[in-house]
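Chain residues, written in single-letter form:
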Amino acid sequence: FTISGWIYPTDNTDAFISTEHNYGSLASHYFHLNSSGYLKGVWWVGNSATELVSDSIVTKNGWHHVAMGRTGTTIFLALDGVVKTGTLSGTIDNPNVVLNIGQQSNGSQRFSGYISDIRFDKGTVQYESTYTVPSAPVTTSVTSGYYLPMDNAGIFDKTGNNTLTLGTGTKTSTTQTKYASTSIDFNNNDYRVYAPP
């Protein structure tokens, strides 16, 4: 799988970008900004977690391309074209957890800023090695997963495969955009997107 997209943080609090994490089942993955501003990816298998941390800080008030994923036993975390890799064995497939964007699955550690052009592609790997940061939106050819471009039609899965549930404070914004006229504004209360399993 690969999760990728653009983020525009407005502060450096410890905040989740996306999470497929279930407290009752330690088979999950998520990535977030830690309190020092570094991008961090975490993969849980059983009772142990494998973590990767970016070499550089995600600066506030600017767009950054982020990605994380897994192919076989290789895991990877990418920030602005620079990739960190690690090794992980065991399965983390958990079809019963909801993909959350913008906060932890329990509602904590909320992201403050804007997110755009998010893609969750199950079964396809991208950005697993050093790459040129995309200069255009990604395609919608996701057969299993989600694509949220946050374009003029609002917040929806452009693949047409899934119905998203929005938190009461989740909305589009034209204040900061990337490749479209709008992005998701995560500077409100209950600002999250729930994607079904």
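In this report, we go over the structure that sits alongside the text. (Residues numbered from 1 in each chain as written. Predicted model: local features only at pLDDT ≥ 70, side-chain atom pairs only at ≥ 80, totals over all residues. Heavy atoms only, no water.)

Moving on: the overall build of the chain. A tally of regular secondary structure across the chain gives zero helices and 15 strands. Put simply, the chain has 197 residues, and 54% of those count as buried. Carbon and sulfur atoms make up 46% of the accessible area of the chain, which totals about 8,200 Å². (Helix = DSSP H or I, 4+ residues; strand = E, 2+ residues; numbered from the N terminus. Buried < 20%, exposed > 50% of the residue type's maximum accessible area, 1.4 Å probe, protein only. Areas by Shrake-Rupley, 256 points an atom, 1.4 Å probe, with all protein chains shown as cover.)

Here the phi dihedral of asparagine 61 falls at roughly 60°; this positive angle occurs in a residue that is not glycine. Checked against the element boundaries, asparagine 61 lands in the loop between β5 (48–57) and β6 (64–71).

Counting buried positions along β6 yields seven of eight residues, so the element is predominantly enclosed. Taken together, the six bridges between strand β1 (residues 2–9) and β6 define a ladder with antiparallel strand orientation. Residue pairing for β6: isoleucine 7 is matched across the bridge by histidine 64. Direction of pairing for β6 relative to strand β7 (residues 74–79): antiparallel, over a ladder of six bridges. Looking at the pairing, valine 66 lines up with leucine 79 of β7. (Pairing = 2+ DSSP bridges.)

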